[in-house]
Amino acid sequence: KVSIFWFRRDLRIEDNHGLFQALSSDVPVLPLFIFDTNILDRLLSKKDGRVEFIHQALEAINTQIGGHLCVKHGDPLILFRSLFSELEVVKVYTNHDYEKYGLERDAKIKGLAQEKGVKFETFKDQVVFEKDEVLSGAGTPYTVFTPYSRKWKALLQETVLPNFPSATISNYVDDKFNIPSLADIGFQPSGLVFPGLQVQDELIKSYAQDRDFPAKPGTSRLSVHLRFGTLSIRSLVRRALGKSEVWLNELIWRDFYFNILHHFPHISEGHSFRKEYDRMNWRNNEVEFKAWCEGKTGYPIVDAGMRELNATGFMHNRVRMIVASFLVKHLLIDWRWGEAYFAEKLLDFDFAANNGGWQWAAGSGCDAAPYFRVFNPTLQTQKFDQSLAYIKKWVPELQEFTYPAPIVNHEFARGRVLEAYKVALGK
Ligand code: FAD
């Protein structure tokens, strides 16, 4: 008899809720990860850094647990069907997924498990509060961040944030497995450098002053670790408490967008959170979109951000806001195009946060920037990259005459987009 713990976005041994539950039972645990071909086949590049990141995380887990990790490659439904017939599986443990594809996949696996008489149980791990845990007094989901965060903090005071000592139990099956190489699953190294797992207390303490300046190492760079669960959100909340309310708020934003995704699934169907924004008449000029993607708009701060993204798989949050606003408002290109480009390039790509960020920029989201707020890239540069240190790092040719002229005039673009929003929204 075995039970299975199925790793997904929780690629760590420490403080892992579902893993802890599995290991705590008296049945030995087969720890499993599946490189899901339904996801991998959609990736555009065989050098996708996220696949490599996952692969490295799996190797680290396997070393930590003495070689017992079983890694498979294929369609989870087919793979579970054969696992259920090859082994005497009593129960599958896994942590909650909140995305559309994950929910549909889990429903299928659960159905299959039930058919075979196998229990299937999922646990909350990826967020601090989920689903209906943070509701307003009227029992409705929050759509504005500040009252949501107030309630979130009040709830945190009432509960003890659990720590699941999953690393202290080693109730694994005796079998040892070989992890397939990146090449075995059809991928190659990305050449990207992944951020480390550490964040210094000094950084957390000075976060409020430094976080908006992209030239400074002022933010944690932990997003990819939160994305794949190589760090536990609970451990970070514990670190933030008492040190930085501002940093804690960012961790709460993450929960907030998962909460929005859960309660408003229409955002997973390509719709604006505020449906009236779907009446926008976008220009969607493909040449201009390409210039934006390549960092060739003639606006140095926008170009620097896009080049940082293309080169590293990361972009500073302030710059994400600037480039997103620029695409949507200056170029009048549908935010979904930008959302898709970020989804392809960001190592930390997460549907809830990315969709939330894009709809924030477009004005169509919950608690979004108002549609009439059009970031001025020049003023943003003066405020947040005054010495041009960030820009010069990514756009070294700035001094030369070869630097392209702005793709569109700021004042003209501002007038054009305000008019388009007024027409769409009937203002
Ligand atoms: P820190 O500033 O150190 O923050 C700590 C952690 O809090 C982050 O690692 C992240 O997990 C979380 N966080 C911070 N800001 C936000 C936020 N606004 N929304 C949700 N969580 C947040 N973040 C993603 O994780 N994945 C995305 O796909 C993503 N797409 C975005 C798209 C746009 C258009 C915008 C404006 C923002 C997006 N963000 C996304 C949010 C934010 O930019 C990144 O989380 C942040 O830049 C990551 O850097 P860091 O780890 O140094 O963050």
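In this text the structure is predicted, and so the values were computed from the model without any measurement. (Residues numbered from 1 in each chain as written. Predicted model: local features only at pLDDT ≥ 70, side-chain atom pairs only at ≥ 80, totals over all residues.)

(A) Focus on the overall build of the protein. Per the secondary structure count, the protein includes 18 helices and 5 strands. Relative to the globule expectation of 22 Å for 427 residues, the C-alpha radius of gyration of the protein, 23 Å, shows essentially globular dimensions. Each principal axis of the C-alpha distribution contributes one length, and for the protein these read about 70 × 50 × 45 Å. Taken across its 427 residues, the protein has 41% of its residues classed as buried. Put simply, of all contacts in the protein between residues at least 6 apart along the chain, 77% involve residues at least 24 apart. (Helix = DSSP H or I, 4+ residues; strand = E, 2+ residues; numbered from the N terminus. Rg over C-alpha atoms; globule rule 2.2 N^0.38 Å. Buried ≥ 20, exposed ≤ 12 C-beta atoms within 10 Å, placed from the backbone. Contact = placed C-beta atoms within 7 Å.)

(B) Structural context of the site of the ligand. The full set close to the ligand counts 28 residues, and Thr219, Ser220, Ser223, Asn354 and Gly357 are the nearest of them. Elements represented by at least two residues in the shell around the ligand include exactly helix 8 (223-228), helix 10 (245-263), helix 13 (317-330) and helix 15 (351-362). The element best represented in the shell around the ligand is helix 15, accounting for 6 residues. Grouping the constituent residues of the shell around the ligand by class yields 13 nonpolar, 7 polar and 8 charged. (Near = placed C-beta within 6 Å. Nonpolar A, V, L, I, M, F, W, Y, C, P; charged D, E, K, R; others polar.)

(C) Geometry of the environment of leucine 77. Its location among the elements puts leucine 77 in helix 4 (residues 76-86). Along the chain, leucine 77 and glutamate 245 lie 168 residues apart, while their C-alpha atoms are 43 Å from each other. If near-sequence neighbours (up to four positions away) are discounted, leucine 77 is found in contact with Lys108, Ile109 and Leu112.

(D) The arrangement of the nonpolar core in detail. Counting 107 residues, the largest nonpolar core has Ile4, Phe5, Leu32, Val323 and Leu327 as the members making the most contacts within it. Isoleucine 4 has contacts with Leu30, Leu32, Leu83, Val89, Val92 and Tyr93, leaving out every residue within four places of it along the chain. (Core = buried A, V, L, I, M, F, W, Y, C linked by C-beta atoms within 7 Å.)

(E) Structural detail: the UniProt feature "domain: Photolyase/cryptochrome alpha/beta" (unreviewed entry) in the protein. Those residues carrying the UniProt feature "domain: Photolyase/cryptochrome alpha/beta" (unreviewed entry) are residues 1-128 in this numbering. In the segment residues 1-128, helix accounts for 43% and strand for 24%; the C-alpha atoms at its two ends are 33 Å apart. (UniProt positions renumbered as here; feature names shortened; annotations may be inferred.)

(F) Representation of the sheet that holds strand 5 (residues 119-123) within the structure. Overall, parallel pairing links the 5 strands, which are arranged 3-2-1-4-5 in an open sheet. Here the strands that pair on one side only, and so sit at the sheet edges, are strand 3 (70-74) and strand 5. Pairwise comparison of adjacent strand axes, ignoring direction, gives a mean angle of 25° for this sheet. In the sheet, strand 1 (residues 2-7) pairs with strand 2 (residues 29-36) via 5 bridges, with the strands oriented parallel. Across the sheet, the residue bridging to tryptophan 6 is leucine 32, located in strand 2. The sheet strands contacting helix 5 (residues 100-115) are strand 4 (89-95) and strand 5, and the helix crosses strand 5 at an angle near 150°. (Pairing = 2+ DSSP bridges. Axes fitted to C-alpha atoms, helices over the stretch in contact; angles between N-to-C directions.)

(G) Focus on the packing of helix 10 against helix 15. With their axes 8 Å apart at the nearest point, helix 10 and helix 15 run at an angle of 90° to one another. Classified by the angle their axes make, helix 10 and helix 15 are roughly perpendicular. Between helix 10 and helix 15, the contacting residues are Arg254, Tyr257, Phe258, Ile260 and Leu261 on the first element and Phe351, Ala352, Ala353 and Gly356 on the second. Its residues assigned to classes, the contact of helix 10 with helix 15 shows 7 nonpolar, 1 polar and 1 charged. (Parallel < 35°, antiparallel > 145°, perpendicular 65-115°, else oblique.)

(H) Here's a closer look at the confidence of the model for the protein. The share of residues in the protein with pLDDT of 70 or more is 100%, and the mean pLDDT across the chain is 97. In the predicted complex, the global pTM is 0.98; the interface-specific ipTM is 0.99. (pLDDT = per-residue confidence, 0-100.)

(I) Highlighting the pairing of strand 5. Bridge count for strand 4 against strand 5 is 5 bridges, and the pairing is parallel. Each bridged residue has a counterpart across the sheet, and for lysine 91 the counterpart in strand 5 is lysine 119. Viewed along the sheet, the connection from strand 4 through helix 5 into strand 5 turns out right-handed. (Right-handed = clockwise from strand over helix to strand, strands pointing away.)

(J) Main features of helix 14 (residues 335-345). Along helix 14, the positions that sit buried rather than exposed are Trp335, Gly338, Glu339, Phe342 and Lys345. End-on view of helix 14: buried residues confined to an arc of 135°, all on one side of the axis. Tucked inside the fold, the buried residues of helix 14 contact helix 12 (300-312), helix 13 and helix 15. (Arc of directions from axis to C-beta.)

(K) Up close: the packing of helix 12 against helix 16 (residues 377-384). Helix 16 packs onto helix 12 with a crossing angle of 75° between their chain directions and a minimal axis gap of 8 Å. Relative to helix 16, the element helix 12 is oriented roughly perpendicular. Mapping the contact onto sequence places Pro300, Ile301 and Val302 in helix 12 and Pro377, Gln380 and Thr381 in helix 16. Looking at the contact of helix 12 with helix 16, its residues break down into 4 nonpolar, 2 polar and no charged.

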